[in-house]
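Structural overview
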Amino acid sequence: MNYRVLYFASLRDRAGMDAEQINSLATDARGLYHELRARHGFTLGEERLRVAINGAFAPWGQTLHEGDEVVFIPPVSGG
Amino acid sequence: MNYRVLYFASLRDRAGMDAEQINSLATDARGLYHELRARHGFTLGEERLRVAINGAFAPWGQTLHEGDEVVFIPPVSGG
Amino acid sequence: MPKFELSEREIDAQALARGLAHARAGACATFEGWVRDHNEGRAVLRLDYQAYAPLAQSEGERIVEEAREKFAIVEARCVHRAGTLAIGDLAVWVGVSAAHRGAAFEACRYIIDEVKKRVPIWKNEHYADGESGWLHPDNTPVEPGQR
Amino acid sequence: MPKFELSEREIDAQALARGLAHARAGACATFEGWVRDHNEGRAVLRLDYQAYAPLAQSEGERIVEEAREKFAIVEARCVHRAGTLAIGDLAVWVGVSAAHRGAAFEACRYIIDEVKKRVPIWKNEHYADGESGWLHPDNTPVEPGQR
């Protein structure tokens, strides 16, 4: 399926891009992150990240649908 | 001895004046307050008040000297 | 510059806040006390503050100094109004800057709490029913007969 | 009017504070986060904030709404900067008005604490030694190798 992935902070620096369209066999965010981690060499483990799907926080195991926007949220540091 | 007494808040309303010069036999703030309480009909007991002598908080039993400025401080309500 | 001030004029909160700025300050907590339109269920029209100015000044300074000793702060200031105020007027302003927010919040809270407990300033509220009264620190009337 | 805002422009703290005014509000607590000249012992020159804007907006709104449910407050607002900031710049502003000061302080503290924990905004600090790095919520670098 096709997903749109946005990258922020250290993930953006590692990936070398803000966003990408990805065609993947992964059916949830966990599977998708494993795939992208291998591809881009992300060092942050799943336990350090949160997931957002279509602009809302979501569980790692939530089923993805065609065209979903998926964001892996590194530890935040606003304020 | 002669003392200058300043009144604030409800004590000022009761006394009907901001300040007075007083000639008294009292040698400490406690004695002076008892005298003034009788004269002006103050309803606040010693336990509700603090004493300031010459612009600084002082104990009730501190010896007064000629010309001292004595203030009985009602419960405060700034802020 | 005094760290505590009794002011007969309007308080300029913005200018005061600018005075707390420092390159090593990452946090600034402020508190403003505004004149409310009610107290203990009674409609308030305006209020007067009376103060024993020399002692208010020295006790206010002492409180800010205590805050500087107790908390890791950079700057702190407090200004309290005297005179007659209307609903919505700024009655007291406290501002604290610090490297980190915990100290800024705690020192700001400490200063306003102690000012309300210890500084010889008295609030006389004027009510819609034509009465008025001096208040306790807990905002109840000083003399039960007043109400 | 949104209760939480991500802003590319300078924050107007005074205008925001005026928006909290209400006749039944007797207390106003504010918090300002300023860009400090140091962090963890390193000299900081400037910083950039990156944000996942739609989620930052909705999560920020949720936090302010939580504060309104948890504490007896009248109004609350929070504005967070995005983009590049210099030392001393106002990075985040929180303001809360309430009838009484306890609720104002607690809600203000709640909002800034939760914003720093939950809102998807990231700080990239640029150091005097030419390096830069994304920070953790505890202000340590995200990747140990960065330092």
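These notes cover the structure that comes with them. Please read these numbers as outputs of a predicted model, since none were measured by experiment.

**Looking at the overall build of chain A**
Along the backbone of chain A there are 2 helices and 5 strands. Element order for chain A, N to C, with α for helix and β for strand: β-α-β-α-β-β-β. Relative to the 2.2 N^0.38 estimate, which gives 12 Å for 79 residues, the radius of gyration of chain A is 11 Å and therefore close to what a compact globule would have. Dimensions of chain A along its principal axes, counting C-alpha atoms only, are 35 × 25 × 20 Å. Evaluated residue by residue, chain A yields a buried proportion of 54% over its 79 residues. When contacts within chain A are restricted to residue pairs at least 6 apart in sequence, long-range pairs at least 24 apart make up 46% of them. A total accessible area of about 3500 Å² is found for chain A, and carbon and sulfur atoms account for 48% of it. Taking the average place of the 8 positive charges on the side chains of chain A and the average place of its 10 negative ones, the gap between the two points comes to 6 Å.

**Observations concerning the packing of helix 2 (residues 53–70) of chain C against helix 3 (residues 101–118) of chain C**
Residue and element names in this part refer to chain C. Put simply, helix 2 and helix 3 touch, their axes get as near as 9 Å, and they point 150° apart. Considering the angle they form, helix 2 stands roughly antiparallel to helix 3. Considering only the axes of helix 2 and helix 3, their crossing is right-handed. Taken together, the residues of helix 3 that come into contact with helix 2 (itself represented by Glu 59, Arg 62, Ile 63, Val 64, Glu 66, Ala 67 and Lys 70) are Ala 107, Tyr 110, Ile 111, Glu 114, Val 115 and Arg 118. Broken down by class, the residue content of the contact of helix 2 with helix 3 amounts to 7 nonpolar, no polar and 6 charged.

**Observations regarding the interface of chain C and chain B**
Of the residues lining the interface, 23 residues belong to chain C; the matching set on chain B comes to 23 residues. Summing the contributions of chain C and of chain B, the shared interface buries around 2000 Å²; its carbon and sulfur component is 57%. If you look at where chain C meets chain B, you find 0 salt bridges. The interface formed by chain C and chain B contains 12 residue pairs in polar contact (both at pLDDT 80 or more). Elements with a contribution of two residues or more to the side of chain C that touches chain B: strand 4 (42–51), helix 2, helix 3 and strand 8 (121–127) of chain C. For the side of chain C that touches chain B, the per-class residue count stands at 13 nonpolar, 4 polar and 6 charged.

**A word on the interface of chain C and chain D**
Listed per partner, the contact involves 34 residues of chain C and 34 residues of chain D. Summed over both partners, the interface of chain C with chain D comes to about 2700 Å²; 60% of that surface belongs to carbon and sulfur atoms. Three residues, Trp 34, Arg 101 and Phe 105 of chain C, lead the burial of chain C against chain D; their summed loss comes to 28% of the area buried on that side. Where chain C packs against chain D, one counts 2 salt bridges. Between Asp 113 of chain C and Arg 101 of chain D there is a salt bridge, and its shortest N-O distance comes to 2.8 Å. For the pair chain C and chain D, the number of links is 11 residue pairs in polar contact (both at pLDDT 80 or more). If one sorts the elements of the side of chain C that touches chain D by residue count, helix 3 of chain C sits on top with 9 residues. Among the residues forming the side of chain C that touches chain D, the class breakdown is 16 nonpolar, 9 polar and 9 charged.

**What about the packing of aromatic side chains?**
The final tally for this structure, using the stated rule, is 18 aromatic pairs over all chains. With a centroid separation of 5.9 Å and an interplanar angle of 65°, the aromatic rings of Tyr 33 of chain A and Trp 60 of chain A are classed as edge-to-face. In this pair, Tyr 33 of chain A sits in helix 2 (residues 29–40) while Trp 60 of chain A sits in the loop between strand 4 (56–58) and strand 5 (69–73), placing the two residues 27 residues apart along the sequence. Both residues of the pair, Tyr 33 of chain A and Trp 60 of chain A, belong to the buried class. One aromatic cluster is present, formed by Tyr 7, Tyr 33, Phe 42, Trp 60 and Phe 72 of chain A through successive ring pairs. Directly above the aromatic system of Phe 57 of chain B lies the positively charged group of Arg 50 of chain B, at a separation of 3.7 Å from the ring centroid.

Cut-offs used in this document
In this convention, every chain numbers its residues from 1, walking through the sequence in written order. All chains are assigned letters beginning at A, and all ligands numbers beginning at 1, according to the order in which they are written. Owing to the predicted nature of the model, reporting of local features is limited to residues with pLDDT of at least 70; listing and counting of side-chain atom pairs is limited to 80 or more, with chain, interface and lining totals taken over all residues. Heavy atoms from the whole structure form the basis of all side-chain values; hydrogens and water molecules are not counted. Every helix listed is a DSSP run of H or I at least four residues long, and every strand listed is a run of E at least two residues long, numbered separately from the N terminus. Only C-alpha atoms enter the radius of gyration, while the globule expectation follows 2.2 Å times N to the 0.38, with N the number of residues. Summary of the burial criterion: residues with accessible area below 20% of their type's maximum are buried, those above 50% are exposed, and those between are partly exposed, where the area comes from a 1.4 Å probe applied to protein chains only. Two residues qualify as a contact provided that any one of their heavy atoms is within 4.5 Å of a heavy atom in the partner residue. Note on areas: Shrake-Rupley with a 1.4 Å probe; residue coverage comes only from the protein chains shown. Charge assignment in this entry is limited to Lys and Arg as positive and Asp and Glu as negative, and neither His nor the chain termini are counted. For this purpose, a charge sits on NZ of Lys, CZ of Arg, CG of Asp or CD of Glu. For helices, the fitted axis covers only the stretch in contact; all axes are lines through C-alpha atoms, and the angles between them, taken along N-to-C directions, range from 0 to 180 degrees. Here the word oblique covers every angle except those under 35 degrees (roughly parallel), over 145 (roughly antiparallel) and from 65 to 115 (roughly perpendicular). For a crossing to be left-handed, the near helix must be turned anticlockwise from the far one by less than a right angle; the clockwise case is right-handed. In the scheme used here, Gly and all other residues not listed as nonpolar or charged are polar, with Ala, Val, Leu, Ile, Met, Phe, Trp, Tyr, Cys and Pro taken as nonpolar and Asp, Glu, Lys and Arg as charged. A 1.4 Å probe defines the accessible area here, and the buried area is the portion of it lost by two parts on being joined, summed over both. Salt bridge, as used here: a side-chain nitrogen of Lys or Arg that lies within 4 Å of a carboxyl oxygen of Asp or Glu. A 3.5 Å cut-off defines polar contacts: any pair of N or O atoms within that distance qualifies, except that in protein one atom must be a possible hydrogen donor and the other a possible acceptor, and neighbouring residues in sequence count only when both atoms are side-chain atoms. To pair, rings of Phe, Tyr and Trp, with the six-membered ring standing in for Trp, must have centres within 6.5 Å; the planes then decide the type, stacked if under 30 degrees apart, edge-to-face if over 60, and tilted in the middle. A ring has a charge above it when a Lys NZ or an Arg CZ is no more than 6 Å from the ring centre and no more than 35 degrees off the ring normal.

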